[in-house]
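Summary of structural features
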Amino acid sequence: MPLHLIVVTAERTVLDRTDVQRVIVPTTEGQITLLPMHAPLMASLAIGELVAVTPTGSEAMAVHGGFVQIVRDTVTILADAAERVEDIDEERAEAARARAQRRLAGERITTEEGQVDLLRARLSMERALVRVKVRRRRRGTGAPAMTDRA
Amino acid sequence: MPGGGAVRAIRQRIKSVQNTAKVTKAMELVASSKMRRAQQRAFGARPYASQMRAVLAQLSGYAQGAEDAHPLLASRPVKHFAFIHITADRGLAGGLNANMNRAGATLALEHQPHVERVSVITVGRKGRDFFRRSGFPRLAEFTALGDYPGFEAVRPIARLVIDDFTSGAVDQVFIGYQQFVNTAVQRPTVRQLLPVSSPGGDEDAGATEFIFEPSPEGLLATLLPRYVEMQIFEALLEASASEQSARMVAMRAATDAANAMVQDLTLTYNKARQEMITGELLDIVGGKAALEQGS
């Protein structure tokens, strides 16, 4: 019995597949792999790479926080944002990373507002890094998801 | 000539009504394409909303009896009642904004006798202008969210109500918006936002033993603010789909009315023109007869 994987964000359904053999999910407590017959679980999602392994290959996406739930072989991912690997614009992600880095390296921050800015920059840095990582990892590895769309 | 001026006036009126019809037709087309996109967005958000409700139902079923599991769940005596009032920025959408404003005013007046203070947070220019005149204190005004508000538009609104609620400045928060039923029907809808009343999904909540990572309380703490944001987002999407549909319908009605008017005016115009020609002919004939008699 394969898993049913649903990835939704507030704006749309990103992925809905019923032939998933296992899902590797980044949670705030660490990376976990969900297999069929998993005990019901609810966890909060970290910023990281989500991989769904199917009989024909695997599908990777960058997820940016949210929730994961598995009940009766249905995995539901409520993501704050999720991008499939083929939708990631590496140049943009790289640019965002550079921008965040500059901001982090910038002047000393004392105000509360500055602290928020700093936090934001750190988060956007983290997101950008994940995007770049997911994108790079999946390129030229012969993953069907990529060759199909190349 | 007495008839000529009237005829010219009718002709001008036809022209002007035709121009109006052209404008309303264009607005109808614009609204209908925006409506399609707005509806798609509203439907696109539904899976997330329903999944999140399911998760929350299960989670709070787990933390049952513990209303104080999280501050956003705790209800307390209401001294300060606030509501988020969502309207469109622009008019020309039939009764849409007026109906919403009426619903908002009703809500405010209903609560007023029972609480010390009723205040409103307006989203959209039409509601803002309405409540500026009403005298109810306004906690904040949000306008120009655009035709397709993104999730990031929600954050400041959610932050405001969550902060005010947790700090105790506000004890209860409602949200009112035009629910999109179908293209012809939009319904002013009002519901409670804070304290979060968990969606009734008690069928299999508690029946399933969950593993929680980190803890149910930890998950609740991250889920609840999201849930509030999601509800506001949903309301914005519904309101935007409603606005475009209402405008499309209103503009179609206006175009139809203008065309009917053009038809009426054309009839009147033809009649007046004929009368004028008849009058002229009579004048000529009469003049000629007079000449002949004179010779």
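Quick caveat: nothing in here was measured; it's all calculated off a predicted structure.

Rules of the game
- Residues numbered from 1 in each chain as written.
- Chains lettered and ligands numbered in written order.
- Predicted model: local features only at pLDDT ≥ 70, side-chain atom pairs only at ≥ 80, totals over all residues.
- Heavy atoms only, no water.
- Pairing = 2+ DSSP bridges.
- Helix = DSSP H or I, 4+ residues; strand = E, 2+ residues; numbered from the N terminus.
- Axes fitted to C-alpha atoms, helices over the stretch in contact; angles between N-to-C directions.
- Contact = heavy atoms within 4.5 Å.
- Buried area = accessible area lost by both parts, 1.4 Å probe.
- Salt bridge = Lys/Arg side-chain N within 4 Å of Asp/Glu carboxyl O.
- Polar contact = N/O pair within 3.5 Å; in protein donor to acceptor, adjacent residues only side chain to side chain.
- Nonpolar A, V, L, I, M, F, W, Y, C, P; charged D, E, K, R; others polar.
- Domains from an automatic or database assignment.

Notes on the sheet that holds strand E2 (residues 117–123) of chain B
Residues and elements named next belong to chain B. The five strands are arranged E3-E2-E1-E4-E5 in an open sheet whose pairing can be described as mixed. Because the sheet does not close on itself, it has two edges, and the strands there are strand E3 (138–142) and strand E5 (186–194). The sheet shows a mean angle of 20 degrees between the axes of neighbouring strands, taken without regard to direction. As paired strands, strand E1 (residues 80–86) and E2 are joined by seven bridges and run parallel to one another. What sits directly across from Ala-82, in E2, is Ser-119. Against the sheet, helix H3 (residues 96–111) engages E1, E2, strand E4 (172–180) and E5, with an angle of about 175 degrees to E1. Contacts between helix H6 (residues 216–294) and the sheet are confined to E1, E2, E4 and E5, with E4 contributing the most and set at about 35 degrees to the helix.

So, the interface of chain A and chain B
Of the residues lining the interface, 24 residues belong to chain A; the matching set on chain B comes to 25 residues. Taken together, the two surfaces of chain A and chain B that pack against each other cover about 2100 Å², and 66% of this comes from carbon and sulfur. When the area that chain A buries against chain B is broken down by residue, the three leading residues are Ala10(A), Met42(A) and Phe67(A), summing to 31%. Among the ionic pairs, Asp80(A) bridges to Arg226(B), the shortest N-O distance being 3.1 Å. Seen at the junction of chain A and chain B, the total is seven residue pairs in polar contact (both at pLDDT 80 or more). Of all the secondary-structure elements, those providing two or more residues to the side of chain A that touches chain B are strand E1 (3–8), strand E5 (41–54), strand E6 (57–71) and strand E7 (74–79) of chain A. Residue composition of the side of chain A that touches chain B, grouped by class: 13 nonpolar, six polar and five charged. Note: E5(A) against strand E6 (residues 211–213) of chain B, three bridges, orientation parallel. Within the sheet, the bridge partner assigned to Ala43(A) lies in E6(B) and is Glu213(B).

Some points on the domain arrangement of chain A
Residues and elements named next belong to chain A. Taken domain by domain, chain A holds domain 1 (3–86) and domain 2 (89–135). The straight-line distance from the C-alpha centre of domain 1 to that of domain 2 is 25 Å. Both sides together, the interface formed by domain 1 and domain 2 hides about 750 Å², and carbon and sulfur atoms give 69% of it. Among the residues domain 1 hides against domain 2, the three largest losses belong to Ile-47, Glu-49 and Val-85. Together they make up 58% of the total. Counting across the interface, domain 1 meets domain 2 through one salt bridge. For Glu-83, the salt bridge identified is with Arg-131, shortest N-O distance 2.8 Å. One can count one residue pair in polar contact (both at pLDDT 80 or more) joining domain 1 with domain 2. Listing elements by their share of the side of domain 1 that touches domain 2, those giving two or more residues are E5 and E6. Here the element with the most residues in the side of domain 1 that touches domain 2 is E6; it accounts for four residues. Grouping the constituent residues of the side of domain 1 that touches domain 2 by class yields five nonpolar, two polar and three charged.

Examining the pairing of strand E4 (residues 30–34) of chain A
Taken residue by residue, a regular strand's side chains alternate between the two faces of the sheet. Residue and element names in this part refer to chain A. Bridge count between strand E3 (residues 22–27) and E4: five bridges; the pairing is antiparallel. Within the sheet, the bridge partner assigned to Thr-27 lies in E4 and is Gly-30. With antiparallel pairing between neighbouring strands as the criterion, E3 and E4 make up a hairpin whose turn holds two residues.

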